[in-house]
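Each chain, written out:
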Amino acid sequence: MRVETPSVLLIYTGGTIGMIENPETGALENFNFDHLLKHVPELKRFNYRISSYQFDPPLDSSDMEPAYWAKLVKIINYNYDYFDGFVILHGTDTMAYTASALSFMLENLSKPVILTGSQLPIGTLRTDGKENLITAIEIAAAKNPDGTAIVPEVCIFFENHLMRGNRTTKINAENFNAFRSFNYPPLARVGIHIKYEPNLIRKPDPDKPLKPHYLFDTNVVILTLFPGIQEEIIHSLLHVPGLKAVVMKTFGSGNAPQKEWFIRELKEATDRGIIIVNITQCASGAVEMGRYETGMHLLEAGVISGYDSTPECAVTKLMFLLGHGLSNKDIRYKMNSCLIGEITKP
Ligand code: ASP
């Protein structure tokens, strides 16, 4: 029996992992991919075929945008049949948004797409980048005995945890342990062994071909409520020309002020066709709109539940659905449905 050499395409978008310190200013600046590879000679010890593609110039992920997500999907789609898996090196700041967006854009994905990065540049002595990169490559190439991918999902691998991409949030600006998936357990834990959790990992139909999507509509906003929020501000925000959807971060299990003006503004907005999705400000847990009277008022105003969605996922899902020109009714329905493991419905 011929055993195929595992193959991985490494896509370098930018981020701290590849940065270098400017000797004059001390600021971290983007650097090229060869520099990054120079610092990981271990890659040669993999018995894999590893090819690479680099964004030129590399991006600090604060500059990430839907056009770059589309570029990533184009690269993956173009190379889909030639590699077992894909590793995307990405700045940590917006990695959770990119992972969420890609999970919707790569319909019928049956190969691993693993995003990773680091808190310290790969050229520094104590870097976390080396281990993240090496393990991400191993996961991207990992197969079951029947030849299917062990993790056919868009994931983030960071500091020993493999997480479903659309469930992740960056929670720490300095610790190596920078990402969490609060509402869904890790798909694998990495120690001496990589311990996968097959029951938590999606099982796609390998006979369905990859269907790439590219369109987004960015006429959306994330609104975080706080005690004392003003009527005029809510009114102005909900009347921004072109606004199509709002991710509203409410208190606790989906609660908001019960003031008459507040509910009226929301009701008028949903009557005008603006979609308002309720997610919690809490890092962990879900919205339950029928639980308290305040939540009931929101339901009556036409606000829909985002269940246990992360903000990153709710906003990218909305932009994705709006970009595909679906009707208001369809978008509301799909926001309430689990499309790719992004929410848990009670
Ligand atoms: N500013 C960097 C970025 O997101 C931070 C990082 O990579 O950790 O591109």
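Look up: the structure comes first, before these words.
Every value quoted in this text rests on a predicted model; they were computed, and no experiment measured them.

## Examining the overall build of the protein
Okay, so step 1: Along its length, the protein carries 9 helices and 18 strands.
Okay, so step 2: The C-alpha atoms of the protein give 21 Å as radius of gyration, which agrees with the globular expectation for 346 residues (20 Å, within 12%).
Okay, so step 3: Along the longest, intermediate and shortest principal axes, the C-alpha atoms of the protein span 65 × 55 × 35 Å.
Okay, so step 4: Considering the protein as a whole, with its 346 residues, one finds that 51% of them fall into the buried category.
Okay, so step 5: Expressed as a percentage of contacts within the protein between residues at least 6 apart in sequence, the contacts between residues at least 24 apart total 73%.
Okay, so step 6: Looking at the protein as shown, the accessible area adds up to about 16400 Å², and 52% of this sits on carbon and sulfur atoms.
Okay, so step 7: Both charge centroids of the protein, one from 33 positive and one from 38 negative side chains, sit 5 Å from each other.

## Observations concerning the sheet that holds strand β8 (residues 154–158)
Okay, so step 1: Within the open sheet, the 8 strands sit side by side as β4-β1-β5-β7-β8-β9-β12-β13. Their pairing is mixed. Each edge of the open sheet is held by one strand with a lone partner, namely β4 (49–54) and β13 (194–196). Between one strand axis and the next, the sheet turns through 20 degrees on average, direction left out of account.
Okay, so step 2: Two strands pair when backbone bridges link them, and strand β5 (residues 85–89) and strand β7 (residues 113–116) are joined in this way by 4 bridges, in the parallel orientation. Of the residues in β7, the one forming a bridge with Phe86 is Val113.
Okay, so step 3: Against the sheet, helix α2 (residues 66–79) makes contact with β1 (7–12), β4, β5 and β7, and its axis sits at roughly 160 degrees relative to β1, the strand it touches most.
Okay, so step 4: Sheet strands touched by helix α4 (residues 129–141): β1, β4, β5, β7, β8, β9 (161–164), β12 (188–190) and β13. Its angle to β5, the strand with the most contacts, is close to 160 degrees.

## Some thoughts on the site of the ligand
Okay, so step 1: The full set of residues close to the ligand is Gly15, Thr16, Asp60, Ser61, Gly91, Thr92, Asp93, Ser118 and Gln119.
Okay, so step 2: Between the ligand and Asp60, the relevant distance is 3.1 Å, taken from a nitrogen atom to a side-chain nitrogen or oxygen of the residue.
Okay, so step 3: In the environment of the ligand, an oxygen atom lies 2.5 Å from a nitrogen or oxygen atom belonging to the side chain of Ser61.
Okay, so step 4: Protein contact buries 90% of the 270 Å² of open area that the ligand shows by itself.

## Observations concerning the packing of helix α5 (residues 231–238) against helix α6 (residues 260–271)
Okay, so step 1: For the pair α5 and α6, the least separation of the axes is 10 Å and the interaxial angle reads 5 degrees. For the element pair α5 / α6, the angle class is roughly parallel. Between α5, through Glu231, Ile234, His235 and Leu238, and α6, the contact on the second element is made entirely by Trp261, Phe262, Arg264, Glu265, Leu266 and Ala269.
Okay, so step 2: For the contact of α5 with α6, the class distribution of residues is 6 nonpolar, 1 polar and 3 charged.

## Side note on the pattern of salt bridges
Okay, so step 1: Under the defined criterion, the tally for this structure stands at 10 salt bridges.
Okay, so step 2: Its salt-bridge partner being Asp217, residue Lys244 comes within 2.5 Å of it at the nearest N-O pair. With a gap of 27 residues between them, Lys244 in the loop between α5 and β16 (245–250) and Asp217 in the loop between β14 (211–212) and β15 (220–224) connect regions that are remote in the sequence.
Okay, so step 3: Asp217 sits in the buried class, given a relative accessible area of 12%.
Okay, so step 4: When the shortest N-O distance is used, the salt bridge between Lys317 and Glu342 registers 2.6 Å. A residue pair is termed long-range when its members are at least 10 positions apart, and Lys317 in helix α8 (residues 311–323) and Glu342 in the segment after α9 (328–335) qualify at 25 residues. Take Lys317 and Glu342: they sit in the same class, and that class is buried.
Okay, so step 5: Each of Glu231, Glu260 and Arg264 takes part in one network of salt bridges that share partners.

## Some words on the environment of Glu42
Okay, so step 1: On the secondary structure map, Glu42 appears in the loop between α1 (33–38) and β4.
Okay, so step 2: Take Glu42: its relative accessible area is 26%, and that puts it in the partly exposed class.
Okay, so step 3: For the pair Glu42 and Ile134, spaced 92 residues apart in the sequence, the C-alpha separation amounts to 8.0 Å.

## Re α2
Okay, so step 1: Compared with the 20 Å implied by 1.5 Å per residue over 14 residues, the 20 Å span of α2 between its first and last C-alpha is a close match.
Okay, so step 2: For α2, the full list of buried residues reads Trp69, Ala70, Leu72, Val73, Ile75, Ile76 and Asn79.

## A few points about the nonpolar core
Okay, so step 1: Counting residues in each nonpolar core, the largest one holds 51 residues, and the members touching the most others are Leu102, Met105, Leu106, Val113 and Leu318.
Okay, so step 2: Looking at which element gives the most residues to this core, the answer is α8, with 8 residues.
Okay, so step 3: With sequence-adjacent residues up to four places away left out, Leu318 is seen in contact with Val220, Ala245, Val246, Val247, Ile275, Val277, Ile331 and Met335.
Okay, so step 4: Ranked by size, the runner-up nonpolar core spans 30 residues in total, among them Tyr12, Leu36, Val40 and Ile201.

About the thresholds
Residues numbered from 1 in each chain as written. Predicted model: local features only at pLDDT ≥ 70, side-chain atom pairs only at ≥ 80, totals over all residues. Heavy atoms only, no water. Helix = DSSP H or I, 4+ residues; strand = E, 2+ residues; numbered from the N terminus. Rg over C-alpha atoms; globule rule 2.2 N^0.38 Å. Buried < 20%, exposed > 50% of the residue type's maximum accessible area, 1.4 Å probe, protein only. Contact = heavy atoms within 4.5 Å. Areas by Shrake-Rupley, 256 points an atom, 1.4 Å probe, with all protein chains shown as cover. Lys, Arg positive; Asp, Glu negative; His and termini not counted. Charge placed at Lys NZ, Arg CZ, Asp CG, Glu CD. Pairing = 2+ DSSP bridges. Axes fitted to C-alpha atoms, helices over the stretch in contact; angles between N-to-C directions. Near = heavy atom within 4 Å. Polar contact = N/O pair within 3.5 Å; in protein donor to acceptor, adjacent residues only side chain to side chain. Parallel < 35°, antiparallel > 145°, perpendicular 65-115°, else oblique. Nonpolar A, V, L, I, M, F, W, Y, C, P; charged D, E, K, R; others polar. Salt bridge = Lys/Arg side-chain N within 4 Å of Asp/Glu carboxyl O. Expected span 1.5 Å × (residues − 1). Core = buried A, V, L, I, M, F, W, Y, C linked by side-chain atoms within 4.5 Å.

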